[in-house]
Amino acid sequence: MSVDRGHVIVTGGAGYIGSHACKALSAAGFVPVAFDNLSTGWAQAVKYGPLEIGDLMDRARLDAVFAKYRPVAVMHFAALSLVGESMQFPGRYWRENVTGALNLIEAALRTDCKDFIFSSTCATFGDHDGVTLTEETEQRPINAYGGSKKAIEEMLRDFAESDGLGHVIFRYFNVAGADPECEIGELHRPETHLIPIVIEATQGKRESVAVFGDDYPTPDGTCIRDYVHVVDLVNAHIAGLEWRLAGKENRAFNLGTGHGYSVREVIDTVKRVTNAPLTVQQAPRRAGDASYLVSGSQRAIEELTWRPLRSSLETIVEDAYQWHQSGISDQWLAEGRDPSGRT
Ligand code: UFG
């Protein structure tokens with residue numbers, strides 16, 4: 001589809017999830033404007049609309065971009081998002097995530113842009129000992145990352161009250177996989193996420209994979225997570241945007257599949273899909289990790305008619321592996337984050 005339904009500002013649009021959201025927005029007839037400081041993203045991932053290089057701490061720059069495009073909505077992905085790092089540097093997480101979101105909300109409101117799609121996380125729930133997490137579960141984060149995202153959720157509710165800011169909150173479980181057409185995919189440096197780390201080890205780019213903790217109260221002692229394909233995840237965002245543009249209520253949705261896999265099961269799946277040798281080592285627990293994070297996503301399925309069609313663990317790993325084998329991420333690494341030298 002290529003009807004122009006207006007611009008959508010996508011913060012973090014050069015990043016992993018943001019770039020996949022831009023592709024989905026473009027397919028749905030919107031023009032995605034990637035707003036990104038390229039601190040962790042890649043200019044090469046911005047293929048579906050303009051790139052505006054800027055930082056959420058720069059309010060004048062935000063105002064200039066909103067004035068230029070007069071967007072119909074905002075999708076906010078840009079954030080620090082590593083659980084372990086947030087335990088080491090909580091100040092950075094509270095400052096950058098919360099102030100960045102505040103600056104963005106106020107800039108949007110100044111141009112009367114009142115539909116806000118927010119990337120939140122299951123880390124806002126904390127550890128509930130094997131209980132499936134629904135939207136009704138109490139949010140009691142156990143790390144600064146989850147704490148900062150929960151604060152932004154509260155901020156959105158306050159601005160909804162004061163200024164009529166419309167919003168949809170998505171709480172992601174573990175996002176993985178890549179664009180099946182292999183135009184974009186996951187590339188973090190340093191990489192900390194389990195699936196790309198295991199794939200890199202099968203490619204000989206790492207000597208081994210460390211399993212963080214084997215004494216959790218789970219069947220094999222390793223942490224259990226609910227993995228959701230990035231394409232399914234961004235399709236929910238399009239449904240959330242349509243929901244808001246149709247004037248429906250402000251709402252929070254969990255996005256996962258309802259199935260949990262342990263770290264060891266993920267490693268076994270990657271071994272099976274890639275058929276490659278792998279060295280696995282046991283390591284201590286990583287600070288801030290919950291033992292069990294599995295989503296009850298019935299609300300998104302029922303209300304948004306969301307269908308996580310690519311989110312079997314096999315398909316997630318196959319798509320991620322295809323991306324890692326394509327050589328595109330190696331090319332981006334060789335070129336640097338911004339081949340045109342703007343940053
Ligand atoms: N893990 C290892 N070895 C590694 C990397 C990870 O054992 O080398 C383990 C982790 O300890 C964890 C699981 O694999 O138990 C998944 O870890 P990831 O780092 O892939 O993902 P997280 O669950 O820590 O975090 C991700 C996102 C967050 C989001 C969270 C929700 O990074 O933004 O999912 O669970 F909030």
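Up top is the structure.
Residues numbered from 1 in each chain as written. Predicted model: local features only at pLDDT ≥ 70, side-chain atom pairs only at ≥ 80, totals over all residues. Heavy atoms only, no water.

Quick notes on the overall build of the protein chain
Applicable threshold: Only DSSP runs of H or I covering at least 4 residues are called helices, and only runs of E covering at least 2 are called strands; the numbering of each starts at the N terminus. The buried label applies to any residue whose accessible area, calculated with a 1.4 Å probe on protein chains only, is under 20% of its type's maximum; exposed applies above 50%, and partly exposed to all values in between. Residue contacts are counted whenever heavy atoms from the two residues lie within 4.5 Å of one another. All accessible areas in this document rest on Shrake-Rupley with a 1.4 Å probe, and a residue is counted as covered only by the protein chains that are shown. Residues scored as charged are limited to Lys and Arg (positive) and Asp and Glu (negative), so that His and the chain ends carry no count. Charged side chains are reduced to one point each, which is NZ for Lys, CZ for Arg, CG for Asp and CD for Glu.
Scanning the protein chain from terminus to terminus reveals 11 helices and 14 strands. Overall, the C-alpha framework of the protein chain stretches about 55 × 45 × 40 Å when taken along its three principal axes. Here the protein chain holds 343 residues, and 57% of them are scored as buried. The long-range share in the protein chain, meaning contacts at least 24 apart out of those at least 6 apart in sequence, stands at 79%. Accessible surface, the protein chain as shown: approximately 13,800 Å² in total, 49% of it carbon and sulfur. One finds the centroid of the 33 positive side-chain charges in the protein chain at a distance of 2 Å from the centroid of its 46 negative side-chain charges.

Digging into the packing of aromatic side chains
The criterion, for reference: By convention, a stacked pair of Phe, Tyr or Trp rings (six-membered ring in the case of Trp) has centres within 6.5 Å and planes under 30 degrees apart, an edge-to-face pair has planes over 60 apart, and any other such pair is tilted. Here, over-ring charges are defined by two tests on the NZ atom of lysine or the CZ atom of arginine: distance to the ring centre within 6 Å, and angle to the ring normal within 35 degrees.
Tallied over the full model, the rule gives 4 aromatic pairs. For the ring pair Y93 and Y145, a centre distance of 6.3 Å and an interplane angle of 85 degrees mean the geometry is edge-to-face. In this pair, Y93 sits in helix α4 (residues 90–110) while Y145 sits in helix α5 (residues 144–163), placing the two residues 52 residues apart along the sequence. Overall, Y93 belongs to the buried group, its relative accessible area being 0%. With 5.3 Å between their ring centres and 65 degrees between their planes, W323 and W332 make a pair best called edge-to-face. Each residue in the set F170, W243 and F253 is aromatic and connected to the rest through ring pairs, giving one cluster. Positioned above the aromatic ring of W42 is the side chain of R337, whose terminal nitrogen or guanidinium carbon lies 4.3 Å from the ring centre.

Comments concerning the pairing of strand β4 (residues 73–76)
Heads up, the rule is: Being paired, for any two strands, means DSSP has found at least two bridges between them.
Residues A73 and M75 of β4 are buried on one face, and the alternating residues V74 and H76, pointing to the opposite face, are buried as well. Alignment of strand β1 (residues 7–11) against β4, held across 4 bridges, turns out to be parallel. Following the sheet pairing, T11 is matched in β4 by H76. Pairing geometry for β4 and strand β5 (residues 115–121), over 3 bridges, is parallel.

What about empty space enclosed by the protein?
Heads up, the rule is: Residues are said to line a cavity or pocket when one of their atoms sits within 4 Å of a point; the points come from a 1 Å grid over protein atoms alone, cavities being sets where a 1.4 Å probe fits but cannot get out and pockets being open sets with protein on both sides within 12 Å along at least five of seven lines. Grid points are joined across faces, edges and corners, and a volume is the space filled by probe spheres set on the points. Following the grouping adopted for this structure description, the nonpolar residues are Ala, Val, Leu, Ile, Met, Phe, Trp, Tyr, Cys and Pro, the charged ones are Asp, Glu, Lys and Arg, and the polar ones are all others, Gly among them.
In this structure the tally under the stated criterion is 1 cavity of 30 Å³ or more. Reported here for the largest cavity is a volume of approximately 60 Å³. Contributing to the lining of the largest cavity are E186, L187, R189, E191, E200, K205, W323, H324, S329, D330 and L333. It is helix α11 (residues 328–335) that provides the largest number of residues to the lining of the largest cavity, a total of 3 residues. Its residues assigned to classes, the lining of the largest cavity comprises 3 nonpolar, 2 polar and 6 charged.

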